[in-house]
Amino acid sequence: MSAPPFRTRRRIEFADTDMAGIVHFANFFRFMEAAEVEFLRSAGFSVTQEWEGERVSFPRVSASCDFLRPVTFQDVVEITVRVLKVGRTSVTYGFEFFKAEELVARGQVSSVCCRLLPDHKLEAMEIPAAFREKLQAEVT
């Protein structure tokens, strides 16, 4: 049995819209990131945090979104977050956007677990076991 998706809501602000009065496509990527942050916070984690004395981060390596129906100013969208895949160093999330129960967009984001080195460079690392266990428990 798969875990139910994490859910969060967002009211569309005027600044989210374009000249046509609909949400600008780029904002869906911001909404996915905000939903991911809320999902991780609910699990006791973050996209960037201290882990066993190291600064660990999950930079995005891939992102996509399909737009099915327009979303406009003051609409409320429900965003679901699912963990689609947990690899050795990466995690892939799936997102669905609903307006009044109607699917209006869906997206996907993949991130790689990295340690932040003193010179601010990133080095891929295996996802820590405790984090991996929580993520794998959410795979749908």
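All of the points below concern the structure found in this document. Source: prediction; values computed, not measured.

## Looking at unusual backbone geometry
Unusually for a residue other than glycine, Q74 sits at a positive phi of about 75°. Inspection of the secondary structure assignment puts Q74 in the loop between β4 (60-67) and β5 (76-86). Judged by relative accessible area, Q74 falls into the partly exposed class, the value being 47%. If you check the backbone angles, A100 has positive phi at about 50° while not being a glycine. For A100, the location among the structural elements is in the loop between β6 (90-99) and β7 (102-112). The exposed category is assigned to A100, whose relative accessible area is 71%.

## Some details on the packing of aromatic side chains
Summed over all chains, the structure comprises 10 aromatic pairs. Between F45 and F131 the ring centres are 4.2 Å apart and the planes differ by 25°, which places this aromatic pair in the stacked class. Of this pair, F45 sits in the loop between α1 (25-42) and β2 (48-51) while F131 sits in helix α2 (residues 129-137); the two residues are 86 residues apart in sequence, bridging distant segments of the chain. By relative accessible area, F131 is classed as buried at 3%. By way of ring pairs, the aromatic residues F6, F39, Y93 and F95 are connected into one cluster.

## Describing the environment of I127
Structurally, I127 can be placed in the loop between β9 (122-124) and α2. Residue class for I127 comes out buried when judged on its relative accessible area of 2%. Filtering out sequence-adjacent residues up to four positions away, I127 remains in contact with F58, V86, G87, R88, T89, S90, C113 and R132.

## Side note on the environment of R30
Considering the arrangement of structural elements, one finds R30 in helix α1. As for R30 and D16, which are separated by 14 residues in sequence, their C-alpha atoms are 9.9 Å apart. Beyond its immediate sequence surroundings of up to four residues, R30 is in contact with R10 and D16. Of the polar contacts made by the side chain of R30, one reaches the side chain of D16; its length is 3.5 Å.

What counts, and at which threshold
- Residues numbered from 1 in each chain as written.
- Predicted model: local features only at pLDDT ≥ 70, side-chain atom pairs only at ≥ 80, totals over all residues.
- Heavy atoms only, no water.
- Helix = DSSP H or I, 4+ residues; strand = E, 2+ residues; numbered from the N terminus.
- Buried < 20%, exposed > 50% of the residue type's maximum accessible area, 1.4 Å probe, protein only.
- Phe/Tyr/Trp six-rings, centres within 6.5 Å; stacked < 30°, edge-to-face > 60°.
- Contact = heavy atoms within 4.5 Å.
- Polar contact = N/O pair within 3.5 Å; in protein donor to acceptor, adjacent residues only side chain to side chain.

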